[in-house]
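Fold and contact review
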Amino acid sequence: MALQPWETLKESITVYTGLSPTTFLTVVALGLAIYCVVSGMFGSSSNHHQRSRDFEEEMQPLPPPVQLGEISEEELKAYDGSDPKKPLLMAIKGQIYDVSQSRMFYGPGGPYALFAGKDASRALAKMSFEDKDLNGDLSGLGVFELEALQDWEYKFMSKYVKVGTIKTVPVTDGSTTAEPASTTEGDVAKSAEDGSSDSAAAEAKESTTGGEADKE
Ligand code: HEM
C-alpha cells in the first residue's frame, strides 16, 4: 500500500518525460550538482563582501588635481608615477595634464608608462614608443603627424585637467645648443605647403622650441 505513491510517481515520470525513473533522477541529481558548483564559483556572501571592499579600496577617490603653474621638464619627471603619493602627469605641446585617473595606462607597468612625467608630443605625433621620440620636439614633423598630435591634444583637453605648463629654457646667448627657431619654422612652413591645416601649423609654430618668444 505504502509503495503505491512511489509506483504512481515512477509511472508519471515515464509518461511525462519518456525517461526511466532512474535516468530521470540521475539527470536531476546532475543538475543540482552543476548548480552547486556554479554558485560556489561566485563565492559565498562573505566572500562577496570582501571582494567589494577590495574594489572600494582600489576605487579610492583621487585627490583633486593640483595646479603647478610653470615647471621645468626636469621637475615634470618626478610625476612619472614612481611615487604613488604624487599625481601622474604627462604633457602635450608643453601643456601638462593630470592623468592620474588613467593610472592603468600611464602608471608603472602600464602600456603607456613611458609617456608619464614627460612631454610626449613627438611620440604621439609619430605613434612611436622610441626613446628618441619621448620629448616635446616638433621639428621636422609632417602634416599628418601634426594633425595626429592635434587630435591627441583635443582628447587630453577634454579628458584631463590641465595643471601647468613646461617652462621653456631661455636662450641667453648664441652659443647654446638650443634648436634654432628658424629650422622649426621652415619645417612648419613646408608642412603648410603640403596642405596642412592652418591651425596645425600655427599650433606647431607656437609650441615648438619656444625659442622665438624667449629671445624677445
Ligand atoms: C597595436 C597598436 C595599438 C593598440 C591596439 C592600442 C590600443 C589602445 C586602446 C584599446 C586604448 C584605450 C582607449 C580608451 O579606452 O580610451 C589605447 C589608449 C591609448 N593609446 Fe594606444 N594602442 C596602440 C598603439 C598606440 C601607439 C603607437 C600610441 C602612441 C605612441 C598609443 C597611445 C595611446 C594613448 C596615449 C592612449 C591613452 C589615451 C588616454 O589617456 O585616454 N597607442 N590604446
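The notes below deal with the structure included here. Given the structure is predicted, the values throughout are model-derived calculations rather than measurements.

**Things to note about the site of the ligand**
Lining the immediate environment of the ligand, one finds Val99, Ser102, Phe105, Tyr112, Ala123, Leu124, Met127, Ser128, Phe129 and Lys159. Taken together, the residues of the shell around the ligand sort by class into seven nonpolar, two polar and one charged.

**Description of the sheet that holds strand S3 (residues 95-98)**
If you walk across this open sheet you meet the four strands as S1-S4-S3-S2, and the pairing is mixed. Two strands close off the open sheet at either side, each with one partner strand: strand S1 (69-71) and strand S2 (89-92). Pairs of neighbouring strands in the sheet enclose a mean axial angle of 40°, with direction left out of account. Judged from the four bridges that link them, S2 and S3 form a sheet pairing that is antiparallel. Looking at S3, one finds that Ala91 is bridged to Ile96.

**Let's talk about the environment of Asp133**
With respect to the secondary-structure elements, Asp133 resides in the loop between helix H6 (121-126) and helix H7 (143-159). Accessibility expressed as a C-beta count within 10 Å gives 17 for Asp133, which makes it partly exposed. Distance in space between the C-alpha atoms of Asp133 and Asp119 is 9.8 Å, their sequence separation being 14 residues. Setting aside its immediate chain neighbours within four residues, Asp133 contacts Arg122, Ala123, Lys126 and Ser128.

Conventions we followed
Residues numbered from 1 in each chain as written. Predicted model: local features only at pLDDT ≥ 70, side-chain atom pairs only at ≥ 80, totals over all residues. Near = placed C-beta within 6 Å. Nonpolar A, V, L, I, M, F, W, Y, C, P; charged D, E, K, R; others polar. Pairing = 2+ DSSP bridges. Helix = DSSP H or I, 4+ residues; strand = E, 2+ residues; numbered from the N terminus. Axes fitted to C-alpha atoms, helices over the stretch in contact; angles between N-to-C directions. Buried ≥ 20, exposed ≤ 12 C-beta atoms within 10 Å, placed from the backbone. Contact = placed C-beta atoms within 7 Å.

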